[in-house]
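# Coordinates in review
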Amino acid sequence: TTDIKWWQKAVVYQVYPRSFQDSNGDGIGDLKGIENRLDYIQELGADVIWLNPIYQSPDKDNGYDISDYDAINPDFGTMADFDSLLAAAHARGIKIVMDLVVNHSSDQHQWFIESRSGKDNPKRDFYIWRDPIDGHEPNNWSSFFSGSAWKYDEASGQYYLHLFVDGQPDLNWENEELREQVYQMMNRWVDKGIDGFRMDVISMISKPDGLPDAPLPEGNTYAIPVSLTANGPRVHDYLKEMRQKVLDNGDLMTVGETSGVDIENARKYAGVDGSELNMVFQFEHMGLDDNDNPALGKWNNQPVSLLKLKENLSKWQTELEGNSWNSLYWDNHDQPRIVSRFGNDSSEYRVVSAKMLATLLHFMQGTPYIYQGEELGMTNAYNLGWDDFDDVEIINGRDFVVNREKLADDATMLDYVHYKGRDNARTPMHWTAGPNAGFTTGQPWLKLNDNFPEINVEESLADPNSVFHHYQKLIRFRHEMPIITTGHYELLDPNDDQVYAYKRIGDEEELLIINNFTAEPVQRNYDFPANADLLISNYHDDQGTKLRPYESKVYHYH
Ligand code: ISL
Ligand code: CA
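All values reported here derive from a predicted model rather than from experimental measurement.

The rules behind the values
Residues numbered from 1 in each chain as written. Chains lettered and ligands numbered in written order. Predicted model: local features only at pLDDT ≥ 70, side-chain atom pairs only at ≥ 80, totals over all residues. Helix = DSSP H or I, 4+ residues; strand = E, 2+ residues; numbered from the N terminus. Rg over C-alpha atoms; globule rule 2.2 N^0.38 Å. Contact = placed C-beta atoms within 7 Å. Near = placed C-beta within 6 Å. Nonpolar A, V, L, I, M, F, W, Y, C, P; charged D, E, K, R; others polar. Pairing = 2+ DSSP bridges. Axes fitted to C-alpha atoms, helices over the stretch in contact; angles between N-to-C directions. Core = buried A, V, L, I, M, F, W, Y, C linked by C-beta atoms within 7 Å. Buried ≥ 20, exposed ≤ 12 C-beta atoms within 10 Å, placed from the backbone. Expected span 1.5 Å × (residues − 1). Arc of directions from axis to C-beta. UniProt positions renumbered as here; feature names shortened; annotations may be inferred. Domains from an automatic or database assignment.

Moving on, we get to the overall build of the protein chain. The helix and strand inventory of the protein chain stands at 18 helices and 20 strands. Taken over the C-alpha trace, the protein chain has a radius of gyration of 23 Å; the compact-globule value for 558 residues is 24 Å, and the two agree within 12%. When contacts within the protein chain are restricted to residue pairs at least 6 apart in sequence, long-range pairs at least 24 apart make up 67% of them.

Structure follows, in structure tokens:
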């Protein structure tokens, strides 16, 4: 326990700048808005803020298509606003971690403008260009946002690769000069005093040699190539190089967003030897409620199986212990709201089930991430319809599923989107019950969830039993109780399909965490000392072996 790093005890609060707080009435959240709300984040108790991309961008994918890594998107403010936010956060002891998007850039980045200008341009090789094969795309890869991952360029007669939208050409990490430029850019941010990086799809930067076809689901034209593009042949070499050239230049926190990561690669990306990153976001638990039909992928409206969830989270807890480090998350800007997904967002059970899910996750080993509004128990946004959505994944997904492949009708697809779509998490933050939830005095860039009059910060701060105060306690426990950081994880009753119970075992103490995952009352008997303390619960009293709907409680004993 002596060499626990600061980021192993830290709790991260994720801010989606566009939707957090608008300060100038243009309907778009901004850096000044975040600075004005630092007191709130401090009150919650978070140690670190992760900011989604705030760089210059044509916003084809809400800032994940960057046209200048050294400039701030004017919608969010100026570099002076950023410096001011960083200083104000640091004055409160809060660190700031930046999003780093270097698997791809925008097609409007200077590098790509030059690269596209001709086959002989020195920057041609900064991106992945290939000749057509038999008059069509170089392989069968699909973009993650539907359609071919290749875009044809008339002028040169070649295709370029874009794993995301066509305005997000993939950078060619094989090119040493490109890597050097990326490291220099990162060092400029490190020199500014930022505290770390969340690295977007960093598992995909090394493409497989020869770019082979991916296994094609029956009846499809293109195949999502994640099995080939994730954890490619040189990804660990590149990250070791980045460690030497950038990351060792500061006391930084690094988290890789690694879709397609498995245990074996997680141990390499985030090994305790510190040669690459501190931790990664794994995606397996977020795929448990995907559609059985691979062509539909994430589009589904089926509840998750608790047995699968237990098995998966327990695997990550157990298999990374001592050799790597977990990140713990339910929500982010790419996922729907957890209370609507794994909990129950009816007025009867929203608060208890949101607290249960928080407890279930926050007593695990790893660094927890809380996405803005999760701490209020914000729900999916059922009041948004086809005309309201902004997310390119939803818009392209509808086109693919309903119009092109005819896998579902429009009404079914809308159900899927209301269950899994990214805009569920991207609606503006709820500060008050007043106009536009206190987010903006203007026209919000994305429609608000219409339940803000009941679910908002003002109400949550005033209510001692709110979801907010539950999260606040969980964060305090993590800061005060080393066993939450270091204790050994043990799953109880792996075949119980209603209750998720586990222990954290320390040298002289234990925690017993019991979570009824259902709306049914159940009876369960666990073995623990009679003098145990009830550390936290989501009901007012303890009824022993009787667990009420979504009841969640934690015992602490020596
Ligand atoms: O969002 C997803 C599924 O709904 C993921 O497949 C997601 O696209 C993937 O995890 C990568 O996400 C990251 O890179 C994308 C960007 O759209 C996401 O917002 C970002 O988190 C491209 O930069
Ligand atoms: Ca604004």
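After that view of the structure, there is still more to cover.
Not every one of the 14 residues close to ligand 1 is listed here, only the nearest: D61, Y64, F164, S259 and D334. When its residues are assigned to classes, the shell around ligand 1 shows five nonpolar, two polar and seven charged.

This part takes up the sheet that holds strand β15 (residues 499–505). Sheets are built from strands that pair by backbone hydrogen bonding, the pairs being arranged parallel or antiparallel. Taken together, five strands build an open sheet; the order of strands is β14-β15-β16-β20-β18 and the sheet is antiparallel. Looking along the sheet, the strands with just one partner apiece sit at the ends: β14 (488–492) and β18 (533–537). Strand after strand, the sheet turns through a mean of 20° between neighbouring axes, direction not considered. Across four bridges, β18 lies against strand β20 (residues 552–557) in antiparallel orientation. Opposite D533, over in β20, you have H556 as the bridge partner.

Formed by 135 residues in total, the largest nonpolar core has its most connected members in A46, I49, V280 and L357. The element contributing the most residues to this core is helix α12 (residues 350–362), with eight residues.

This next bit is on helix α10 (residues 306–320). Residues three or four positions apart in an α-helix share a direction because the helix packs 3.6 residues into each turn. With 15 residues, α10 should cover 21 Å at 1.5 Å per step; its first-to-last C-alpha distance of 21 Å lies within 8% of that length. For α10, the complete set of buried residues consists of K310, L313, W316, Q317 and L320. In an axial view of α10, the angular spread of the buried residues amounts to 140°, which keeps them on one side of the axis. On its buried side, α10 packs onto α9 (263–269), β14 and β15.

Below, the discussion takes up the UniProt feature "domain: Glycosyl hydrolase family 13 catalytic" (unreviewed entry) in the protein chain. Summarizing the sequence annotation, UniProt attributes the feature "domain: Glycosyl hydrolase family 13 catalytic" (unreviewed entry) to residues 14–426 in the numbering used throughout. For residues 14–426, helix accounts for 32% and strand for 12%, while the C-alpha atoms at its two ends are 12 Å apart.

With that settled, the discussion passes to the pairing of β14. Here β14 runs beside β15; their pairing, made up of five bridges, is antiparallel. Bridging from a neighbouring strand, L491 pairs with Y502 of β15. Hairpin connection from β14 to β15: six residues lie between these consecutive antiparallel strands, with D493 at a positive phi of about 45°.

Our focus in this paragraph is the environment of D99. Note that D99 resides in strand β5 (residues 95–100). When the C-alpha positions of D99 and V255 are compared, they lie 9.6 Å apart, and in sequence the two are 156 residues distant. The contacts of D99, once residues within four sequence positions are left out, are L51, N52, P53, R198 and D200.

What follows covers α12. Relative to the 18 Å expected for 13 residues at 1.5 Å per residue, α12 spans 18 Å between its end C-alpha atoms, a close match to the ideal helical length. Judged by how many residues are buried, α12 sits mostly within the fold: 13 of 13 residues are covered.

Judged by how many residues are buried, strand β13 (residues 367–371) sits mostly within the fold: five of five residues are covered. Burial along β13 is two-sided: T367, Y369 and Y371 and P368 and I370, pointing in opposite directions, are all buried. Bridge count for strand β1 (residues 12–15) against β13 is three bridges, and the pairing is parallel. In the sheet register, Y13 faces β13, and the bridge partner there is I370. By the bridge criterion, two bridges tie strand β12 (residues 327–328) to β13 in an arrangement that is parallel. Directly across from L328, in β13, lies its bridge partner P368.

So, about the domain arrangement of the protein chain. Domain annotation for the protein chain reports domain 1 (9–104 + 178–380 + 429–474), domain 2 (110–161) and domain 3 (487–557). Here the C-alpha centroids of domain 1 and domain 2 sit 30 Å apart. Contacts between the two partners involve 11 residues from domain 1 and, on the opposite side, 10 residues from domain 2. Residues of the side of domain 1 that touches domain 2, tallied by class, amount to nine nonpolar, no polar and two charged.

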